[in-house]
Amino acid sequence: MNDFPPGGQVSTQLNTIEYLRSDGARKSGEIIPVEVDLSGFTPDQTALIHELSLAVDALQPIYAKQQDEKVIPLVKAVIDYRDRAQNPEAITHFLNRLTASSTIFDSFQMSYVFPVGWGDIPKDDPIMEFADVLWGNAKFVEGSGLYPADMPLEERKKLELGDALASTVVRGEDGTPAIVPNYERFGPELEVVLGHMRKAMGITKNPELKAYLAAKIVSLQSDSKPGRFETDRIWLGNKTQPVDFIIETGRETYLDKVHGALGAAQGVLYVSNPKFRDLEVQILDLVSMQVETAPWKHKESIDGKVLPVLKIVDAVNWSGFSNCWPSVIAGQNLPDEQEFREKYGTIIVLPINVSAAIGEGGNRRWGELFFDAALLNDILPLMAYVGDIHTAEHEVGHALGGSVIQMPRKVFGKEYSVLEEARAEVFGMWALPQLVEAGAITKEHELAGYYDMLLSGISSLRFPPLDHSGARNIIFHYFLETGGFVEDTSHAGTPTYKVDLQVMRREIPKLLGRLGDYKATGDLEGWRTFRDATIDMSRKNMIEQATSHFPLGRALIYQTIKPDGSLVMPSSLMNQPRNLAYMIGQGQL
C-alpha cells in the first residue's frame, strides 16, 4: 500500500495536494485563493457577473471531455470509492489533483498514482475499470480527446481539417474520420452555458455588451469562421467595458499537439482594474516605437487601427484551459487566428489578481535558494509587480513582428510554440528599459524584471523543453553563456545566480533579433541548430533535488458570486462550483 497520509476524517480545508506521479516522485501542490473586489459595481452589474460566472463554470465538463472521455467517469468512480475507503483523506488529495486540472495527464504527459495499492482492492471493485490510469500505467496519446484514441499519430497528421474551428475528429459509422463541431458533440453541456448567457443578456443594459453576448451565443452554435470573426470583432471594440468575458468551446491551441488547432475550451470572467489604467496607456504608447526600433531585420508597418488592446484586469472566475497542471496560465493574447490579428488586432488580457496570488510566495522560496542573500530585500519585493508588467509586454510581443512568409505556425509546425514563446519572453525583457525611459517603472524594477526571468529560467529546467519551459530553457542558457546571468559554484551546496545589468542590455537585443529573424524568414534549420545548441537539461537533477520540498503544481480557488453580488470563498477546492466533483455532487453531471 502506498504510504499516503494516515486515515481519519476527510479534511475540507486542505491547503496542499499530496500526490504520487507515475515516475515515482512524491510531490505536493498548492491551493491558492484568488480574490476580487466588486464593491464599486451596481446591482445590475453584479447580477450580470453572477450569471456569467455560472456560464464559465459550466464550460468545465466540456474541457474535461476534450482532455479524455475517461475523466468524468473516473471522477465519479473515485468519489464512490472514497465513501468506502479506509483512508478517505488520501482519496480527497487524489480527487483534488484530478479535478484541479480536469485531466488524467498533466501538461507534461504524466499520470498520477492512486493512494491505495493495486493489490489492496478486490478485482471486482468497480474502480478497477480504471486500473490503467490509477496506478500510473496509462499511455498518453497526443490529442486523444480531440481525435479517435485508436487513430495512429501518423494518420492524425494526414487529416485535412480545412477551416474547422471549434470541432473534434471522430470515426464515422464506416470507420472513416469525420469532423464534428463542438456544438453537436457537447450539445447538452453547451446548452447550460448558453442558458446563463441568455439570462446575462436579459440583465445588462449596456448595448455593446448585449451585442457581444448575442453574437457570442450565435457563434457558439456554429462552426463558421465569419461568425467567429464577427464575434471577435465586436469583442475587440468593447475596449472600456468594466465587465467582460471569454467563453469558447474551442479557443486555445496548446491542447492539440498534432495540428495546433483550437482544441481547448476556456471561460474567463474579468472586471477592469482602474489602478492600472495609466500603465495600460503607457505600455501601448510604446508600441509604434517598438515596431520601428525592434532589432529584427524584417520590419512591418502597423496600422493604428490594429494596435493591441491591453486590459490589466481582475479575474472573477476562470475555467477550462487555466490550471494547466503543474502551472497556471496567467496571460491571454487573443484571438489566435493570424488572419484576424492582421486585419483587426488583438486583446491582451492580464489578470493581475491571479499573478499576484501565485507570485510572491513562489518568488521568495526560489530567491532564498538561488540568489545571494544580499539581494533579497531589494529585489524580491519588486519582482511580482514587474513580472506582471513583463507578462503584459510578452503578450504585446506576440502581436508584433515582421514576416516575409505566410503562416509561420505552419512552417515551423510543432516547433513553433517554443520559438514564439522565446521571442515573446525576450521582447518583454527588451521593453523594460523603454518603460524606464517612459517613467512607468524605475531602474530597480528593470533589474528585478531580469531576476524574475532568471528564476523562471531556473524553474523551467525541471521540465521537458516544451512550449514555455523550452523557451525559458533557451533564454537561461543563452544569457548564462553570454554572461548576462552569472553562476557562482564556489561555495558548498546549491549554486547561486546574479544578473549583470550591462551585459543584459547588450545581449537582449541580439537574441531578440535572432529569434525574430528565424520566425520572419521561416528559417527552420537555423532555428533547430540554435535551439539544439542552447537547450541543456544537465542542471535538471540538481534543481529537482534542491527544490524537492517546494510545492509542484497550483490549483486556484475563486470566490463564488451570489446573485446579490456578495462573494463567498469556498471552504475547499472541491466545494468550488466549477469543480467536476462539486458538479457531480450537485447532480449536474
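Residues numbered from 1 in each chain as written. Predicted model: local features only at pLDDT ≥ 70, side-chain atom pairs only at ≥ 80, totals over all residues. Heavy atoms only, no water.

Participant: Help me get a handle on the packing of aromatic side chains, residues and values and all.
Facilitator: The full count for this structure, using the stated rule, is 23 aromatic pairs. Centroid distance Phe 229 to Phe 340: 5.4 Å. Interplanar angle 80°. Geometry classified as edge-to-face. Taken as a pair, Phe 229 in helix 10 (residues 225–237) and Phe 340 in helix 13 (residues 338–344) lie far apart in primary sequence, 111 residues in all. On the accessibility criterion, Phe 229 (12% relative accessible area) is buried. Between Phe 476 and Tyr 497, the ring centres sit 5.8 Å apart and the planes meet at 70°, which makes this aromatic pair edge-to-face. Taken together, the positions of Phe 476 in helix 19 (residues 467–482) and Tyr 497 in strand 12 (residues 496–499) put the pair 21 residues apart, joining distant regions of the chain. Side by side, Phe 476 and Tyr 497 carry an identical accessibility label, which is buried. By way of ring pairs, the aromatic residues Trp 366, Phe 370, Phe 476, Tyr 478, Phe 479, Phe 485, Tyr 497, Tyr 518, Trp 527, Phe 530 and Phe 550 are connected into one cluster. A cation sits over an aromatic face here: Arg 97 above Trp 325, 5.9 Å from the ring centre. (Phe/Tyr/Trp six-rings, centres within 6.5 Å; stacked < 30°, edge-to-face > 60°. Helix = DSSP H or I, 4+ residues; strand = E, 2+ residues; numbered from the N terminus. Buried < 20%, exposed > 50% of the residue type's maximum accessible area, 1.4 Å probe, protein only. Lys NZ or Arg CZ within 6 Å of the ring centre and 35° of its normal.)

Participant: Can you tell me about the sheet that holds strand 1 (residues 16–21), naming the residues and giving the values?
Facilitator: Ordered in space as 3-1-2-13, the four strands form an open sheet in which the pairing is mixed. Single-partner strands in this sheet number two, and they are strand 3 (112–113) and strand 13 (554–558). Of the strand pairs in this sheet, strand 1 and strand 2 (residues 26–34) are connected by five bridges, and their pairing is antiparallel. Bridge pairing links Thr 16 to Glu 30 in strand 2. Against the sheet, helix 4 (residues 88–101) contacts strand 1, strand 2, strand 3 and strand 13, and its axis sits at roughly 85° relative to strand 1. Its contacts with the sheet put helix 14 (residues 352–370) on strand 2 and strand 13, and the angle it makes with strand 2 is roughly 140°. (Pairing = 2+ DSSP bridges. Contact = heavy atoms within 4.5 Å. Axes fitted to C-alpha atoms, helices over the stretch in contact; angles between N-to-C directions.)

Participant: Describe the side chain of Gln 241, and please don't skip the residues or the numbers.
Facilitator: Within the secondary structure layout, Gln 241 lies in the loop between helix 10 and strand 6 (243–252). Overall, the relative accessible area of 8% leaves Gln 241 in the buried class. Within the structure, the side chain of Gln 241 is placed 2.7 Å from the side chain of Glu 208, a separation counted as a polar contact. Those residues in contact with Gln 241 that lie beyond four places of it in its chain are Asn 206, Glu 208, Leu 209 and Ser 272. (Polar contact = N/O pair within 3.5 Å; in protein donor to acceptor, adjacent residues only side chain to side chain.)

Participant: Help me get a handle on the packing of helix 17 (residues 416–437) against helix 20 (residues 501–521), residues and values and all.
Facilitator: For the pair helix 17 and helix 20, interaxial distance at closest approach is 9 Å and the crossing angle is 145°. Here the hand of the crossing between helix 17 and helix 20 comes out left-handed. Between helix 17 and helix 20, the contacting residues are Tyr 416, Leu 419, Glu 420, Ala 422, Arg 423, Val 426, Phe 427, Met 429 and Trp 430 on the first element and Met 504, Ile 508, Pro 509, Leu 511, Leu 512, Leu 515, Gly 516, Tyr 518 and Lys 519 on the second. When the residues that make up the contact of helix 17 with helix 20 are grouped by side-chain class, the tally is 14 nonpolar, one polar and three charged. (Left-handed = near helix turned anticlockwise from the far one by under 90°. Nonpolar A, V, L, I, M, F, W, Y, C, P; charged D, E, K, R; others polar.)

Participant: An account of unusual backbone geometry is requested, with residue identities and associated values reported.
Facilitator: Despite not being glycine, Met 407 shows a phi value in the positive range, around 50°. Looking at where Met 407 falls in the secondary structure, it is placed in the loop between helix 15 (373–399) and helix 16 (408–412). Take Met 407: its relative accessible area is 35%, and that puts it in the partly exposed class.

Participant: So, helix 2 (residues 60–67): which residues are in play, and what are the values?
Facilitator: With seven of eight residues buried, helix 2 lies mostly within the body of the structure. By the burial criterion, the buried members of helix 2 are Gln 60, Pro 61, Ile 62, Tyr 63, Ala 64, Gln 66 and Gln 67.

Participant: Summarise the packing of helix 3 (residues 71–82) against helix 4; cite the residues concerned and give the values.
Facilitator: For the pair helix 3 and helix 4, interaxial distance at closest approach is 10 Å and the crossing angle is 165°. Comparing their axes, helix 4 and helix 3 come out roughly antiparallel. Seen from above, helix 3 lies across helix 4 with left-handed handedness. Contact residues: Leu 74, Val 75, Val 78, Ile 79, Tyr 81 and Arg 82 in helix 3; Pro 88, Ile 91, Thr 92, Phe 94, Leu 95, Leu 98 and Thr 99 in helix 4. Classifying every residue of the contact of helix 3 with helix 4 by side-chain character gives 10 nonpolar, two polar and one charged. (Parallel < 35°, antiparallel > 145°, perpendicular 65-115°, else oblique.)

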